[in-house]
Amino acid sequence: MENAQLLNEGLALMALGMGFVFVFLTVLVIVTTLMSKFIGRFFPEPAAPLPATGRQSSAGRQDEDLVAVITAAVHRYRKRRRR
Amino acid sequence: MTDKLLTLWVGSGLYNLSFGQAVMVLVGLVLLWLAIAKKFEPLLLVPIGFGGILANIPEAGLALSAAEQAAHLARPELLERMAATLQVNLDPAAGLETWRHTLSEVLHGDTSPALLRAANDAAMDGGYAHGMLYQFYSVAIASGIAPLVIFMGVGAMTDFGPLLANPRTLFLGAAAQFGIFATLLGAVGMSAMGWMDFSLNQAAAIGIIGGADGPTSIYVSSILAPELLGAIAVASYSYMALVPLIQPPIMRALTSLQEREITMTQLRPVSKLEKIVFPLSLLILVVLFLPDAAPLLGMFCFGNLMRECGVVERLSDTAQHALINIVTIFLGLSVGSKLMADRFLALETLGILALGMVAFAIGTACGILMAKLLNTVSKMPINPLIGSAGVSAVPMAARVSNKVGLESNPHNFLLMHAMGPNVAGVIGSAVAAGVMIKYLG
């Protein structure tokens, strides 16, 4: 009889605990998503300062592309090396 | 002359070494060997193993309180005084040895803290002092401080970027906590079948091993079942070290090659402001829904805020390195103090080790199954392998996901994707711990 009660308590704690963990993390997912959206809309990361002339701007963009490509390549290379 | 030699011999460690203590010294040596030769969580197993050896030195009583030492060594007058404070009757006809035995039993049993304090005071008046490891234990673990400070350090080391870029991975961290509760049920079931004798509190503390989170398990068992702390901490840290052995077979069994080859889309960049606001919003949720998880998650969020806010580099650096190292030393030694022969060498310990393994396996499996479910409903592809990282064990579990993923597709780097569920697992197990403490504490 006592054993059955212990088992019941265990089952209750399991249902309650698992339920609560899921509810809490679901709320956290919602809050985080909303927070990210809100920040993305109202406080966007300051964009790179705009250069004055068109010519410079295109050169700047090329530079940026180049940097991005190189960063990605370096990143990948390092990752592979680290293994 | 022979009398003096005899006294020396009677006072020696060899004469007093009990069988259990010898076994525990061996256990301590095995832990040291695992740490040094096999590199199993050396940062913790070295102090734990060494503390375990220290705790089992015969006659030294390093892990005993003043009252326990007095019960073992004191003169009859002091024993009588302690018996009076503990409100026990010592049978005058029974010999001194029986008295000592009765007193030790009472001190280990369910005696109220007030009486224990009084007995300790009586013993201290008689010239006995707490053992060194006992002091460490009461300062570091019984007060709850060491696991919490470590949690702050872990917070300061955690990058929530991957989680913020893909918040749905939090579900994986939630699913993996099923291991905790399944193990709790397992422990309760074992008691119901009459194999072991675990109370619900003890079962809950054992279950937390499935969270694969050392500080959390120590924190929970120090509150719910301090008598099992040694076994639980050892099980929890050994299984964390065994993650790369336990997880991959389960991961391969539950996924098809096709699923393991899924490449995930690049994570979006996360702004600095998001990273600063996240620990604060997590803290607010804890305040609103589960104040019992506040010690653990509060310290975690505090550590993370120090890291991300960028204005307290020095504090964040201390929390991540110097402080966490100091606390780890005392935490390890204190856990070692709980490896005393008369309490560790019990059938229950084997049960705990077995249940811990099951907890781990179930947690891993549930994380993967949840990831498969998410993959079918979500637009973005999700590789089920990252689900196994939901059992905290940062960053080992994420590395395992990455490794198994690379086996199937050498160009598929899952590490960053797996870090999301990995830190979600830390939050998940802290929430589970809060629920347990709320329900049983």
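Worth saying up front: this structure is predicted, and the values here are computed from it rather than measured.

K.L.:
Hey, could you run me through the overall build of chain A in this one?
P.N.:
When its secondary structure is counted, chain A shows 2 helices and 0 strands. Residue burial in chain A is summarised as follows: out of 83 residues, 13% are buried.

K.L.:
I'm lost on the overall build of chain B in this one. Help?
P.N.:
Within chain B, the secondary structure is distributed over 25 helices and 0 strands. In terms of overall dimensions, chain B has C-alpha extents of about 85 × 45 × 40 Å along its principal axes. Each of the 441 residues in chain B was classed as buried or not, and the buried ones make up 55%. Sequence-distant contacts in chain B: of pairs separated by 6 or more residues, those separated by 24 or more amount to 77%.

K.L.:
For this particular structure, what's the right way to read the UniProt feature "transmembrane region" (unreviewed entry) in chain A?
P.N.:
Those places that UniProt annotates as "transmembrane region" (unreviewed entry) correspond, in this numbering, to residues 12–34 of chain A. Across residues 12–34 of chain A, the secondary structure splits into 100% helix and 0% strand, with the terminal C-alpha atoms separated by 33 Å.

K.L.:
Would you mind going over the environment of Y439 of chain B with me for this structure?
P.N.:
Checked against the element boundaries, Y439 of chain B lands in helix α25 (residues 415–440). For Y439 of chain B and N201 of chain B, which are 238 residues apart along the polypeptide, the C-alpha to C-alpha distance reads 9.5 Å. Sequence-distant contacts of Y439 of chain B, defined by excluding residues within four places in its chain, comprise L13 and L16 of chain A.

K.L.:
How should the domain arrangement of chain B be read in this particular structure?
P.N.:
Note: interface size is frequently given as the accessible area lost on complex formation between the parts. All names here are of chain B. When cut into domains, chain B gives domain 1 (20–139) and domain 2 (143–262 + 269–440). On a C-alpha basis, the centroid separation for the pair domain 1 and domain 2 is 32 Å. Facing 27 residues of domain 1, the contacting portion of domain 2 comprises 22 residues. The set of elements that each furnish at least two residues to the side of domain 1 that touches domain 2 consists of α3 (19–36), α4 (42–55) and α9 (132–142). Looking at the side of domain 1 that touches domain 2, the element that brings in the most residues is α4, giving 11 residues. Residues that form the side of domain 1 that touches domain 2 fall into these classes: 18 nonpolar, 8 polar and 1 charged.

K.L.:
Please clarify how the packing of helix α20 (residues 313–320) of chain B against helix α21 (residues 322–337) of chain B should be interpreted in this entry.
P.N.:
Packed helix pairs are specified by the crossing angle of their axes together with the interaxial distance, meaning the distance between the axes. Residues and elements named next belong to chain B. Orientation of α20 relative to α21, taken along the N-to-C sense of each, is 25°, at an axis distance of 3 Å. The angle between α20 and α21 places the two elements in the roughly parallel class. For the pair formed by α20 and α21, the contact residues are T318, A319 and Q320 on the first element and A322, L323 and I324 on the second. A breakdown of the residues in the contact of α20 with α21 according to their chemical character gives 4 nonpolar, 2 polar and no charged.

K.L.:
What should I look at first to understand the environment of L267 of chain B in this one?
P.N.:
Inspection of the secondary structure puts L267 of chain B in the loop between α17 (257–260) and α18 (272–289). Along the backbone, L267 of chain B and A235 of chain B are 32 residues apart, and their C-alpha atoms lie at a distance of 35 Å.

K.L.:
Just to check I follow, could you spell out the confidence of the model for chain B for this structure?
P.N.:
Do not read the predicted coordinates in detail wherever pLDDT is low. Summary statistics for chain B give a mean pLDDT of 90 and a share of 100% for residues scoring 70 or more. On the interface metric, ipTM, the complex scores 0.86, and its pTM is 0.86.

K.L.:
Sorry if this is basic, but what is going on with the interface of chain B and chain A here?
P.N.:
With 36 residues of chain B at the contact, the number on the chain A side is 28 residues. Tallied by class, residues from the side of chain B that touches chain A come to 27 nonpolar, 7 polar and 2 charged.

K.L.:
Teacher, can you tell me more about α25 of chain B here?
P.N.:
One full turn of an α-helix is made of 3.6 residues, so residues set three or four places apart face in the same direction. With 26 residues, α25 of chain B extends 37 Å between its outermost C-alpha atoms, agreeing within 8% with the 38 Å of an ideal straight helix rising 1.5 Å per residue. The buried fraction of α25 of chain B is high, at 21 of 26 residues.

K.L.:
I keep staring at unusual backbone geometry and nothing clicks. Help me out?
P.N.:
The phi torsion of most residues other than glycine is negative, and most of the peptide bonds are trans. All names here are of chain B. Here the residue pair V394 and P395 is connected by a cis peptide bond, since its omega of -10° sits within 30 degrees of zero. Here P395 shows up in the loop between α23 (347–377) and α24 (396–408). For Q87, which is not glycine, the phi torsion reads 60° and is therefore positive. Here Q87 is to be found in the loop between α6 (76–86) and α7 (96–108).

K.L.:
How should the packing of α18 of chain B against helix α19 (residues 294–309) of chain B be read in this particular structure?
P.N.:
Residue and element names in this part refer to chain B. Relative orientation of the contacting elements α18 and α19 amounts to 165°, with a least axis distance of 8 Å. With respect to α19, the element α18 is oriented roughly antiparallel. Viewed along their axes, α18 and α19 form a crossing whose handedness is left-handed. Across the interface between the two elements, K275, I276, P279, L280, L282, L283 and V286 from α18 touch A294, L297, G298, C301, N304, L305, E308 and C309 from α19. Here the residues of the contact of α18 with α19 sort into 11 nonpolar, 2 polar and 2 charged.

K.L.:
What's the story with helix α10 (residues 145–157) of chain B in this structure? I'm lost.
P.N.:
Residues and elements named next belong to chain B. Taking 1.5 Å of rise per residue, 13 residues should cover 18 Å, and α10 covers 19 Å from first to last C-alpha, within 8% of that figure. A large share of α10 lies buried, amounting to 10 of its 13 residues. The set of residues buried in α10 consists of A146, P147, V149, I150, F151, M152, G153, V154, G155 and A156. Against the buried residues of α10 lie α9, α15 (214–224), α19, α20, α21 and α25.

K.L.:
How do you make sense of the environment of G336 of chain B when you look at a structure like this?
P.N.:
All names here are of chain B. Tracing the backbone through its elements, the reader meets G336 in helix α21. C-alpha separation for the pair G336 and A60, spaced 276 residues apart in sequence, amounts to 15 Å. Setting aside its immediate chain neighbours within four residues, G336 contacts P47, I48, G49, F50, G51, G52, L54, A55 and L133.

About the thresholds
- Residues numbered from 1 in each chain as written.
- Chains lettered and ligands numbered in written order.
- Predicted model: local features only at pLDDT ≥ 70, side-chain atom pairs only at ≥ 80, totals over all residues.
- Helix = DSSP H or I, 4+ residues; strand = E, 2+ residues; numbered from the N terminus.
- Buried ≥ 20, exposed ≤ 12 C-beta atoms within 10 Å, placed from the backbone.
- Contact = placed C-beta atoms within 7 Å.
- UniProt positions renumbered as here; feature names shortened; annotations may be inferred.
- Domains from an automatic or database assignment.
- Nonpolar A, V, L, I, M, F, W, Y, C, P; charged D, E, K, R; others polar.
- Axes fitted to C-alpha atoms, helices over the stretch in contact; angles between N-to-C directions.
- Parallel < 35°, antiparallel > 145°, perpendicular 65-115°, else oblique.
- pLDDT = per-residue confidence, 0-100.
- Expected span 1.5 Å × (residues − 1).
- Left-handed = near helix turned anticlockwise from the far one by under 90°.

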